[in-house]
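Structure at a glance
The residues making up each chain are set out below.
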Amino acid sequence: MTSCMRRYCDLIALRSLLLISVLLLLVRSDSADNQCRPALASTCEDCLRRGPECAWCSQEKFLDGAHVSQRCGSVSDLRVRGCEEEFIENPKVKVEVNAAISSSQVAPREISIHLRPGGEASFVIEVQQLERYPVDLYYLVDVSASMQDNLDRLKTVGLALSHQMKEHSSDFRVGFGSFVDKPVSPYIDVHPSKLVNPCSDYDIHCRPAHGFIHVLPVTENMTEFTRVIQEQRISGNMDTPEGGFDAMLQATVCQEDIGWRPEAKHLLLVMTDQPSHLALDSKLAGIVVPHDGRCHLEDNIYSQTASMEHPTIGQLAEKLLENNVYSIFAVDKVQYQWYEDLLDLIPGSYVGQMSPKASNLKDLVVDAYKKLLSDVEVQIGVEDGQAHRFWVNVTTLCPDGSSVSGNTKCSSVQPKQTVFFKVTVGMSSCPAAAEDQEVLMSVRPVGFNESVTVRIRQVCGCGCSETGRCHDDPNPSPCPAETGGDSTDACREDRTKPVCGGRGTCKCGRCVCDSSRFGSIYGKFCEMDDFSCPYESGLVCGGHGRCVSGECVCLPGWMGEICGCPVSTETCVSNDGLICSGRGKCVCGKCVCDDSWRSGPFCEKCPMCYSSCQSHWSCVNCHLSNGLVSDGFQLCNHSCTPSVDYVDDITELVRGKYCLYPSSDKCQYRFLMDLASDRPQLHISRHPVCVWSRRYFKTFLSVFLLTIMLGVGMLAAVRQLLRARGRWWQSNPEQHFDDSHKDSSFIPTTNEKTITYRRDRLPSHPLEMHSHKPKMPLSDTWQ
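What counts as what
Residue positions are given per chain, counted from 1 along the sequence in the order it is written. Predicted model: local features are reported for residues with pLDDT of at least 70 only, side-chain atom pairs are reported and counted for 80 or more only, and whole-chain, interface and lining totals are derived from all residues. Heavy atoms throughout the structure, all of them, feed into the side-chain values; hydrogens and water do not. Only strands joined by at least two bridges in the DSSP assignment are considered to pair. What counts as a helix is a DSSP run of H or I of at least four residues, what counts as a strand is a run of E of at least two, and both are numbered from the N terminus. Angles here are taken between N-to-C directions and fall from 0 to 180 degrees, while the axes themselves are lines fitted to C-alpha atoms, restricted in helices to the stretch in contact. Any angle between 65 and 115 degrees counts as roughly perpendicular, while under 35 counts as roughly parallel, over 145 as roughly antiparallel, and the rest as oblique. Helix crossings fall into two classes, left-handed where the near helix is turned counterclockwise from the far one by less than a right angle and right-handed where it is turned clockwise. Residue contacts follow a heavy-atom distance rule, with two residues in contact if any of their heavy atoms lie within 4.5 Å. The cut-offs for exposure are 20% and 50% of the maximum accessible area for each residue type, with area from a 1.4 Å probe on protein chains only; residues under the lower value are buried, those over the upper are exposed, and the others partly exposed. Arc definition: directions from the helix axis to the C-beta atoms. Whenever a nitrogen or oxygen atom comes within 3.5 Å of another N or O atom, the pair is scored as a polar contact, on the condition that within protein one atom can donate a hydrogen and the other can accept it, and that pairs from neighbouring residues in sequence are kept only if both atoms are in side chains. Amino acid classes used here: Ala, Val, Leu, Ile, Met, Phe, Trp, Tyr, Cys and Pro are nonpolar; Asp, Glu, Lys and Arg are charged; the rest, including Gly, are polar.

What follows concerns the pairing of strand β33 (residues 584–587). Of the pairings in the sheet, the one linking β33 to strand β34 (residues 590–593) comprises four bridges and is antiparallel in character. Counted as the bridge partner of Cys586 is Cys591 from β34.

In this section: the packing of helix α7 (residues 244–253) against helix α9 (residues 313–322). One can describe the packing of α7 onto α9 by two numbers: an axis separation of 9 Å at closest approach and a directional angle of 25°. Classified by the angle their axes make, α7 and α9 are roughly parallel. Two packed elements cross with a definite hand, and for α7 against α9 that hand is left-handed. For the pair formed by α7 and α9, the contact residues are Phe245, Met248, Leu249, Thr252 and Val253 on the first element and Ile313, Gln315, Leu316, Lys319 and Leu320 on the second.

On to helix α6 (residues 222–230), then. Since there are 3.6 residues in each turn of an α-helix, residues three or four apart along the chain are aligned in direction. Taken as a whole, α6 has its buried residues at Met222, Phe225, Val228 and Ile229. All buried residues of α6 fall inside an arc of 120° around its axis, so they share one side.

Attention now goes to the environment of Gly523. By the secondary structure assignment, Gly523 is in the loop between β25 (521–522) and β26 (528–529). Under the relative-accessibility criterion, Gly523 is labelled buried at 4%. Residues Gly523 and Val512, eleven residues apart in the sequence, show an inter-C-alpha distance of 9.3 Å.

This brings us to the side chain of His210. Checked against the element boundaries, His210 lands in the loop between α5 (192–196) and β10 (213–219). Its relative accessible area of 7% is what places His210 among the buried residues. Looking at His210, its side chain comes within polar contact range of the side chain of Ser178, at 3.0 Å. When sequence neighbours within four positions are dropped, the list of residues in contact with His210 reads Val143, Ser178, Phe179, Val180 and Asp181.

What follows is about the packing of helix α4 (residues 148–165) against α6. Contact geometry of α4 with α6 gives a least axis separation of 9 Å together with a crossing angle of 165°. The pairing of α4 with α6 is recorded here as roughly antiparallel in orientation. The handedness of the crossing between α4 and α6 is right-handed. Only Met222, Phe225, Thr226, Ile229 and Gln230 of α6 make contact with α4, whose side of the interface consists of Leu154, Lys155, Gly158, Leu159 and Ser162. In terms of residue class, the contact of α4 with α6 is made up of five nonpolar, four polar and one charged.

Cis geometry marks the peptide bond from Ala107 to Pro108; its omega dihedral reads -10°. Locating Pro108 in the fold gives a position in the loop between β5 (106–107) and β6 (110–115). One non-glycine residue with positive phi stands out, namely Cys541, at about 55°. Inspection of the secondary structure puts Cys541 in the loop between β28 (539–540) and β29 (545–548). At Cys588, a position not held by glycine, the phi torsion is positive, near 55°. Within the fold, Cys588 resides in the loop between β33 and β34. With relative accessibility at 31%, the residue Cys588 sits in the partly exposed group.

This is the structure:
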């Protein structure tokens, strides 16, 4: 029963959804007609640019006499007005997936979509985390003087980190590079002695300041890595910020020099205790050339450090994403907040706080690697100059089942789990050029070496334009002599009708219909229009017919004065295959119930039909006649609306209404009526309650006589008690006023007074007043 109820509820919900969809479709169709049929849409291309609902009819002599703009409208409107399907220009949105390109992490790798103005297309991208990736880790270390302790620590932690990372990676490799700052004033001291040794004032031999030096490409030779670290010496500069962003961009884009492997995860570990210079800071040194985002390494030294500005944060984030590089900032406690604010601006970044002397560097890198791999995020980019004409929305479905629209990231993703991204792309307008153009869009998972290429083909033209037959010639040649010149006979429907129905002009034997501010007039004799017939849901003839001479001519499958009633009765068929559940008639696509008590879309509801016990007596009698056996279920289907079952102990059922059925053998059968659903259930007890009527009379008489006897006995007992008390009072009268043991000051007194009101006449006899205090000496005399 539960499954039946669920299916029934699902069906009701589905029908409701379909009804809502139809209403929305009607509203949308109405708005589409308003959008697609203004007088300005005079060409097929102009019509298609107005939105995805708009279509153009290229049929010859379509709407004879009407303005060319009437060829633009919604598909349903054009069909109603007589345009054949093959002549309707309505480019569809298409999504084509290229499954030929194999992928292990991101699928699919290439998608082609066809879009028209106002249209949108959706596709799904799958991103899967593998279990053990190859990893390339590049150390990018600030070697300014304040980093001396951290640099010393790095000389001992490199090998231990390599061993620990092998637990999470199938192939781990490391590289090394250093940076300080741009070697120009005011960032460094430009005195000749300080250019050679920035630490000359402290009797320490430091290396010269530099923007970025690539020291060691990524390698699996940890011995070589340890040797290189041991040879590193500190440098120095004058201001607090360093040139970290300059060095990060070079380490990112110089793929071949660094040795980044295409199949590996790229980790760029930036160790520093200071913030980085930003793009406009370079102007302090007179450097005004924006960074071009390219690699400029010469002999492993950044050659343009004194010529180009620092990169912008956006430029750096773009290059990190483009080259699939995760950035890990291992920074001092004081600068932690500054770098934490960058996380939202740089995708695939992580910041960790270094302990004194970088004692936690090993754990910091491992934790960062785990965190970065557990976050799956996509970034979407459209080629420059075209992005303003497109909009993108992403809905993410994470492995835990959560789904958020507008979110491009899932966290806590484990190896071998898959994240789904539903991407919806829409185009707002066509390009300025008349010909169609292809626009490239990329969907790139952050840190992955695989991405999705989306080719967007903009459909802004019409197929009929290639043949030049999108509409009739608006300027026909002068009338040939054989047409009869000014003859109007061909412009009359019959001799009794006016020329062109009185709503047009006859030219060369053809009607040119008048224009009207109410709508369009068309037809061979200007007999049709879209405004003089009844409306339904905002559409002439309900959108299911043509308006001819003020009357609706319905399309096949529709009928009625305004073509609002479907001929088919499919919308009235209930679950049992009957029309209106067999209890009504299908009128205009809706059920009209035979009984006023019934309701529901299919006359299936009738709460009052089953609420009384007597309404089910015939059903119970049928089952009793068949001995309450299983055969009765089939035999009694014709007389039982509800479903029936038999129970041994009906008192165990607590939900429903208990009823009694008096059978012919002077027994009563109990049954329970369960009205929890629209179609009730009956539970009939197998064991009757047989009670004779004579026993009822004896029981009633016994109770009645016992009640009278008890009442008479109680009255007699109360009477005897009252008589005994009265005799005791008469035999002991002095005990009523024996107050000798009481204080005389508390003995109450009695006074008699006569009260006379103003309107009362005084009595003729003297007024007497008495005061009596029994058994007490008079202390006062009444005067």
